[in-house]
Structure formats: C-alpha cells, structure tokens
Amino acid sequence: MTDARPIPQPSSPATPAKRWAYVIPVAAIMYMLAYLDRNNVSVILPYMDGDLELSNADKGLVGGIFFVGYVFLQIPAAILAQRWSARKTVLLLMVAWGMAASLSGLVQTKSQFYVARFVLGFFEGGVWPAVLILLASWFPLRERARANALWMACLPLSSVFMAPLSGWMLDHASWRWVLVLQGVPPLVWAVVWWFAVADRPAQARWISRAEADHVERSIAADEAAKPPVGNGSYLDAVKQKSVLVLIGVYFFWITGFYGFNLWLPSVIKELTHNGSSTEVGLLTAIPFTVALVVMVANAAWSDRTGRRRQAAAVPLVVGIVALLLGQAVDGALPRMLLLCVTAAAVYAPYGPFWAIPGQLLRFEVVAVAMGLINALGNLGGFAGPYLVGWLTDVTGSSVTGFAVLSGFLAVAVALVTLGLRTGARPVRRLSECAAEGA
C-alpha cells in the first residue's frame, strides 16, 4: 500500500532550494531544544544520587509519564496548525514548554517530579504534528521523506550535542540547575522562529514568487491526485485501516525506541564502570551520530525508490537482532558497537514512516490522522521506559527488559509487512506535478 515504483529525478523545472536552507534548519533547532528537555532526564537520572529516592521503576515512570501528558494536545494542535497557523501554534507551545522545563528543576518530591514531567509532555505534545503540517505546505510528496528526515535528524543530533552538554553541566552544577538552565533556550529561539518561519511559500519574504508558485502548484497537484476519503470528514479518515495500522506500528516501534533511549546512558555508565557524567555523555553521543547518518540515508533511498514500507521495516529487523545480541555478548567494545547499530535501526524509519500519511490522505484530513497516530503511538514512550525499569527491579538485570523491547519492535515489523501490503500508489514526480499545474 505504501510501496511504489522507482521515481526518476525531475528534469525541469529546477526544484527551488531555498526552503531546504530556511525551513528545515529553523524547525530542526527548535525541536532539538524540545528533545533536549525531553531526554535530558536520561542523562540526569543515573546521577541524582537518591535526592528524590527513586527506584528503577520510579525512574522509568519519570521517563514515561511525559508521554501521558504528550497525548492531549496532539489532535487539537494539528487542527490549529492546519486551520489557523502552524507557525503561531508552535510559537505558543515553545514558550509554554520552555517555562515548564525550567520549573521541573525546582521540584522537591518525586510526586512533584512526575507532575512536572507530565506538564512538560502536555505542552510539547502538539509540536510534532504542527511541524509535520508546516512541512506538508513546503515540500511535495516526492521530497517528503527527506524533508521529514532532515527535520527529524534533530532527534539523534540533539543527543549527539546535548548528552555531552548535560554530562558536562552535571560535573559543574546540580541536576536542578541543569534542568532550570536547559529550559531557557526555547524561550530565546521562539524569537527566531517568529521572524524566520512562514506557514506557506506565498507568505515568506525570502523566497521568489516563481519559486513559491512552483512549490504550491506541485503540492496542489499532489492533493488533486489523492482519492477522496468518504465525505471528507475527520472520522472517515481515522477509520481507515491504514491509519489504524499506522497507529499500531508507531506504538510498538516507539515502545522499543524510548525504552532503548532512556536507558542507553545507564547501560553506557555500566560499560565504563561508573565513569564520570562527562565521559558517559560523550560516549552516549556516538550511537546517535551513527543514527543520524543512517536516518538521512534511509530517507533519501525511500524518496528515490518510493519503497516506504521496506524503509520502515528492514531497519527495525536489524534493531531487534542488535538489541538481543547486545544482551548476549561480553566486552565493552562489542556491546558499544551493537548499541550503535540499535540506535541507527530505531531512528532510521522516521522519515519514510511520516511520509506515509501524507501519501494516503488529503491535506484537510491528514492533520487529525497524524495527530492521532502520534498521540496513541507515543503512549509507547510511557510503556517502554517503565517496562525496562520495572523488569530491572524485579529480575535484577536489564536483559529481560531489553528482550521485551525486542518483542515490541517485532510486532511493529509484522504490522508494517502484513498490514500495509496492498493498494500501492506511486509518489508523483515533481516535473509531472508542475506540468499539470502550469
């Protein structure tokens, strides 16, 4: 259903390039800051030294409860972005999450820490679908996986830069000050976002009229080629089998993804025999550097071939094997190499996966579908970290927890390969879209 024949490169007209240099970097830095405030806790938890008396299950709950709050604004923010303004929606959320992130450093009890993480997730939750709506207004379908992946490259890139930063800050300040200070950059970047980003090409001052018309004609042709969904209502869109399958895929994939991400610094700390926070932060950056390269390469292959399904499923199979082998081998170097492979595998599907909804659904309903996929799928972000922490407490080892994460990734692979098998429609060439819109 999501596979397609190879897509030749367009011959003419030349594809405008400015939007790649303006839209993607500003959005990527914005979400890097969001991801920092989401994942800094994974670096901080091993060094809290019992301040809040957190067990491993409690630590898993601290990481996971973020995603309970994350659910609530997914669909409202997606609708606001589509009907009102993605630019303004993200701006408001950016200010709110920056303040919430700083306040989380002032908690005095673990119950307050849970609440603070929930509130942070609540405000960050609407950003992801709002930015996907923004990108859908700037990049035609045949470029969508690359645009998504280059923006989503902020996820591993954030860990590459921010994990060492958090580790270094922990060597010079308390974990409370680290959380307070890391909530400030989103408030500063909100100013850049306001002046640099436009909702559509026609509203941007830095793009020529010819370029704006070219992009908007291409996107209009993409929309015209999509079949109608029932009477065009949101309910008709989300009742489609493909949307329900994508929710399932995302939930099981994200359970494994965040279960791995939250506990990665703890595993590396163990490999270094309780190394310093700076050392652990620097080593944690290595798997995410590998993930960044593989993620962008996989998205480019997906756009070139149109094979979205394989681009999502194959990396997850590799991730399952690496995750299981990592629990079976001895030695710091082999385990570190397998952590790199696992990180690359769980990040690689991002660009192709999020290109699928836009390929299947018209713009007026895709916002709600993407919001629902992200909202329900990200509940896996609660399940994964908590399962690993709880099973570690029960068994005294992380082996069982990571084996369970592998099982969740296997279900995601099964859903991709068996649930998205038929009804393929090729992604259209930019040259074809432009010719029809001329």
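Residues numbered from 1 in each chain as written. Predicted model: local features only at pLDDT ≥ 70, side-chain atom pairs only at ≥ 80, totals over all residues. Heavy atoms only, no water.

## Description of the overall build of the chain
A tally of helices and strands in the chain yields 20 helices and zero strands. When each of the 438 residues of the chain is scored for burial, the buried share is 60%. For the chain, restricting intrachain contacts to residue pairs at least 6 apart in sequence, the fraction spanning at least 24 positions comes to 86%. (Helix = DSSP H or I, 4+ residues; strand = E, 2+ residues; numbered from the N terminus. Buried < 20%, exposed > 50% of the residue type's maximum accessible area, 1.4 Å probe, protein only. Contact = heavy atoms within 4.5 Å.)

## Observations regarding the nonpolar core
Ranked by size, the top nonpolar core spans 125 residues in total, and within it W128, W151 and Y350 carry the most contacts. Ranked by the residues each element gives to this core, the list is headed by helix 12 (residues 241–271), at 16 residues. In this structure W128 touches Y31, Y70, W151, M152, L155, Y250, Y350, W354 and N374, once residues within four positions along its chain are discounted. (Core = buried A, V, L, I, M, F, W, Y, C linked by side-chain atoms within 4.5 Å.)

## Thoughts on the packing of aromatic side chains
Applying the stated criterion across every chain, the model contains 27 aromatic pairs. Geometrically, the ring pair formed by F353 and W354 is edge-to-face, given 5.3 Å between the ring centres and 85° between the ring planes. Using a relative accessible area of 2% as the deciding quantity, one classes F353 as buried. The class for W354 is buried, based on a relative accessible area of 2%. What links up through ring pairs into an aromatic cluster is the set Y31, W128, W151, Y250, W253, F257, F288, Y347, Y350, F353 and W354. In this structure, R87 packs its charged tip against the face of W194, placed 3.6 Å from the ring centre. (Phe/Tyr/Trp six-rings, centres within 6.5 Å; stacked < 30°, edge-to-face > 60°. Lys NZ or Arg CZ within 6 Å of the ring centre and 35° of its normal.)

## Section: the packing of helix 1 (residues 18–44) against helix 9 (residues 185–196)
It is at 10 Å that the axes of helix 1 and helix 9 come closest, and there the two elements cross at 160°. Our classification of the angle between helix 1 and helix 9 gives roughly antiparallel. Between helix 1 and helix 9 lies a crossing whose hand is left-handed. Taking contact as the criterion, the partners of V26, A27, I29, M30, L33 and D37 in helix 1 are, on helix 9, P185, P186, W189, W193 and A196. Looking at the contact of helix 1 with helix 9 residue by residue, the classes come out as ten nonpolar, no polar and one charged. (Axes fitted to C-alpha atoms, helices over the stretch in contact; angles between N-to-C directions. Parallel < 35°, antiparallel > 145°, perpendicular 65-115°, else oblique. Left-handed = near helix turned anticlockwise from the far one by under 90°. Nonpolar A, V, L, I, M, F, W, Y, C, P; charged D, E, K, R; others polar.)

## Regarding the packing of helix 1 against helix 3 (residues 74–103)
Packing of helix 1 against helix 3 leaves a shortest axis separation of 11 Å and a crossing angle of 30°. By the angle class used here, helix 1 and helix 3 are roughly parallel. Crossing geometry of helix 1 relative to helix 3 is assigned as left-handed. Together, M30, L33, A34 and D37 of helix 1 and V90, M94, W97 and A101 of helix 3 make up the contact between the two elements. Its residues placed into classes, the contact of helix 1 with helix 3 shows seven nonpolar, no polar and one charged.

## Comments concerning helix 1
The first and last C-alpha atoms of helix 1 sit 39 Å apart over 27 residues, in line with the 39 Å expected at 1.5 Å per residue. Along helix 1, the helix axis deviates most sharply at R38, where the bend reaches about 40°. (Expected span 1.5 Å × (residues − 1). Bend = angle between axes of the 7 residues up to and from the residue.)

## A few points about helix 7 (residues 154–172)
Over its 19 residues, helix 7 runs 26 Å from end to end, which matches the ideal 27 Å to within 8%, given 1.5 Å per residue. The largest bend in helix 7 amounts to roughly 30° and is located at M162, with the proline P164 lying one to four residues further along.

## With respect to the environment of I207
Structurally, I207 can be placed in the loop between helix 9 and helix 10 (209–225). Along the backbone, I207 and Y22 are 185 residues apart, and their C-alpha atoms lie at a distance of 9.6 Å.

## What to know about the side chain of D303
As for its position among the elements, D303 is in helix 13 (residues 277–305). Among the polar contacts listed, one links the side chain of D303 to the backbone nitrogen of R146, at a separation of 2.8 Å. (Polar contact = N/O pair within 3.5 Å; in protein donor to acceptor, adjacent residues only side chain to side chain.)

## A look at the pattern of salt bridges
Counted under the stated rule, the structure contains five salt bridges. R146 serves as the salt-bridge partner of D303, at 2.9 Å between the closest nitrogen and oxygen. Residue D303 is found in helix 13, and its partner R146 is found in helix 6 (residues 141–152); the two are separated by 157 residues along the sequence. For R146, a relative accessible area of 24% gives the class partly exposed. The closest approach of N and O atoms between D213 and R209, which form a salt bridge, is 3.7 Å. Residue D213 and its partner R209 are located together in helix 10, separated by four residues, close to a single helical turn. Exposure remark for D213: the relative accessible area of 30% places this residue in the partly exposed category. (Salt bridge = Lys/Arg side-chain N within 4 Å of Asp/Glu carboxyl O.)

Read these as layout, nothing more, since geometry by itself doesn't imply function.
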